[in-house]
Amino acid sequence: MDPHIGGFSIDHLMELAGLSCAQALAKTYYPSRFPRVLVKTDDSTCSLAILVTAGTNGGDALVAARHLHHFGFKPVVYYPKPGRSTLFTVR
C-alpha cells in the first residue's frame with residue numbers, strides 16, 4: 001500500500017513491530033521473575049542481549065532495543081552484519 005494514501009511505510013511497520021516486541025519482552029522478563037537471565041547493573045537497571053540480523057527483522061530488533069532502553073533496560077546489541085538499507089544507518 002502507498003503510505004501517502006493510507007498505507008504504512010516500511011519504517012513505520014518496523015517501528016510498530018519493534019515496539020510490540022519490546023513491550024512483550026518487558027512484560028515477560030522482569031528482574032523479580034528472571035533474576036538469573038537479566039543482569040543487574042550498578043544503577044539498578046537490567047542488561048539484555050539483543051542479536052541483530054541484516055534485513056527488516058534486524059531493524060525491528062534495533063527499534064526494540066531502543067524502546068527497551070526507554071523502559072529501563074540496558075540492551076547490549078550484537079550487530080555482526082549491518083544491512084545495506086539507509087534505515088539501518090546510525091544518525
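Cut-offs applied
- Residues numbered from 1 in each chain as written.
- Predicted model: local features only at pLDDT ≥ 70, side-chain atom pairs only at ≥ 80, totals over all residues.
- Heavy atoms only, no water.
- Core = buried A, V, L, I, M, F, W, Y, C linked by side-chain atoms within 4.5 Å.
- Buried < 20%, exposed > 50% of the residue type's maximum accessible area, 1.4 Å probe, protein only.
- Helix = DSSP H or I, 4+ residues; strand = E, 2+ residues; numbered from the N terminus.
- Contact = heavy atoms within 4.5 Å.
- Axes fitted to C-alpha atoms, helices over the stretch in contact; angles between N-to-C directions.
- Parallel < 35°, antiparallel > 145°, perpendicular 65-115°, else oblique.
- Left-handed = near helix turned anticlockwise from the far one by under 90°.
- pLDDT = per-residue confidence, 0-100.
- Salt bridge = Lys/Arg side-chain N within 4 Å of Asp/Glu carboxyl O.

Per an unreviewed UniProt entry, the protein chain goes by the name NAD(P)H-hydrate epimerase and belongs to Gonapodya prolifera.

Asker: What should I look at first to understand the nonpolar core in this one?
Answerer: Side chains that are nonpolar tend, in soluble globular proteins, to be buried together. The biggest cluster of nonpolar side chains holds nine residues, and these are Ala22, Leu48, Ile50, Val52, Ala61, Ala64, Ala65, Leu68 and Phe73. Residue contributions to this core peak at four residues, all from helix α2 (residues 56-70). When near neighbours in sequence (up to four residues on either side) are disregarded, Ala22 contacts Ala64, His67, Leu68 and Phe71.

Asker: Help me understand the packing of helix α1 (residues 10-28) against α2 in this model?
Answerer: Angle between the axes and distance between the axes are the two parameters that describe a pair of packed helices. Two elements in contact, α1 and α2, have axes separated by 7 Å at closest approach and are oriented at 55°. Of the possible angle classes, the one that applies to α1 and α2 is oblique. When the axes of α1 and α2 are compared, the crossing they make is right-handed. Contacts between α1 and α2 involve Ile10, Met14, Glu15, Ala17, Gly18, Leu19, Cys21, Ala22, Leu25 and Ala26 from the former and Thr56, Gly59, Asp60, Val63, Ala64, Arg66, His67 and Leu68 from the latter.

Asker: When you look at the confidence of the model for the protein chain in this model, what are you seeing that I'm missing?
Answerer: Predicted coordinates in areas of low pLDDT are best not read in detail. Per-residue confidence for the protein chain gives a mean pLDDT of 77; residues scoring 70 or more make up 67%. For the protein chain, strand β1 (residues 39-40) is the element with the lowest average pLDDT, namely 52, and α1 is the one with the highest, namely 92.

Asker: Any chance you could explain the pattern of salt bridges here in plain terms?
Answerer: Side chains carrying opposite charge are able to pair once their charged atoms draw close together. Tallying each qualifying case throughout the model produces one salt bridge. For Glu15, the salt bridge is made with Arg66, and the minimal N-O distance between the two is 2.4 Å. Here Glu15 is found in helix α1, whereas its partner Arg66 is found in helix α2, with 51 residues between them in sequence.

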